[in-house]
Amino acid sequence: MRSLHHRAGLAVQGLCLLSVVLLMQGCPSKAPPSGVRFPITNGSHTILPTAQQRILIWGDPPLADVAVEWLRSHHYSNILKPEKGPFHTPQISHSFSNRKVAFAVAESMKAEFVLFLEREESKEGVLIEQHCGSYINVSLRGQSVESGETVLRGSAYYPHCVDLSGETFQNLTCQAFATAWGFRPSGQLDIPASLMCTTGQTEPIPIR
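All of these numbers come straight from a predicted model, not from anything done at the bench.

Caption draft 1: The pattern of salt bridges, seen in detail. Scanning the entire structure with this criterion turns up three salt bridges. Two residues, lysine 81 and aspartate 65, come together in a salt bridge whose shortest N-O distance is 3.0 Å. With a gap of 16 residues between them, lysine 81 in the loop between strand S3 (79-80) and helix H3 (90-93) and aspartate 65 in helix H2 (residues 61-73) connect regions that are remote in the sequence.

Given below as structure tokens:
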């Protein structure tokens, strides 16, 4: 009887040790499945700005900086930012969701297009682990100052946990721009973000 109790005790200890090992292995964030390593994009355009038209960039500085770099590398020469305009104040420069202000600034700077850039960070919608990062979406919308119509749009997001880093925002911004400009189709494709930051650079936008 004593031997039976001893064996039972060893079995219980073994199960406890196995549970601890399994729990410790389950704590780190899982790597994203191979099918979700690349961002999902969506975008299209009806009109693209020409190389010489004036474009006002309206968005958070990290996204705006990538947008300026992308446009300049794609032969756009008249890129404007709010802080360069005559009505720059801390209140205006941070009210990026206020489209009325954006159009007022665009008109004062004689811009023909406004590119709105936005980012969304959320824990909801993450497919992997709820504690391993954030769901991040970057979107852009191009509107004509003259008509107020949206002429181009693009978005990109990772369906898995990612770090809030400058590289993440740069990758998503390039993917969103490339989709809006038609350099890549919408969807989840095995296309590196670095390629989307440079694609189309050898093809100047025609001058109307």
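From this point on, the discussion continues.
Caption draft 2: A look at the packing of H2 against helix H5 (residues 166-180). Running from N to C, H2 and H5 point in directions that differ by 50°, and their axes come no closer than 10 Å. Taken together, the axes of H2 and H5 are oblique relative to one another. In this structure, H2 crosses over H5, and the sense of that crossing is right-handed. Taking contact as the criterion, the partners of Leu63, Val66, Ala67, Trp70 and Leu71 in H2 are, on H5, Phe169, Gln170, Thr173, Cys174, Phe177 and Ala178.

Caption draft 3: Local environment of the pairing of strand S5 (residues 135-144). The buried fraction of S5 is high, at eight of ten residues. Relative to S5, strand S4 (residues 113-122) runs antiparallel, the two being bridged by ten bridges. Along S5, the bridge assignment pairs leucine 115 with glycine 142. Here S5 pairs with strand S6 (residues 150-157) via seven bridges, running antiparallel. Pairing of valine 138 across the sheet is with alanine 156, part of S6. Connecting the antiparallel pair S5 and S6 is a turn made up of five residues, with glycine 148 showing a positive phi of about 80°.

The rules behind each value
- Residues numbered from 1 in each chain as written.
- Predicted model: local features only at pLDDT ≥ 70, side-chain atom pairs only at ≥ 80, totals over all residues.
- Heavy atoms only, no water.
- Salt bridge = Lys/Arg side-chain N within 4 Å of Asp/Glu carboxyl O.
- Helix = DSSP H or I, 4+ residues; strand = E, 2+ residues; numbered from the N terminus.
- Axes fitted to C-alpha atoms, helices over the stretch in contact; angles between N-to-C directions.
- Parallel < 35°, antiparallel > 145°, perpendicular 65-115°, else oblique.
- Left-handed = near helix turned anticlockwise from the far one by under 90°.
- Contact = heavy atoms within 4.5 Å.
- Buried < 20%, exposed > 50% of the residue type's maximum accessible area, 1.4 Å probe, protein only.
- Pairing = 2+ DSSP bridges.

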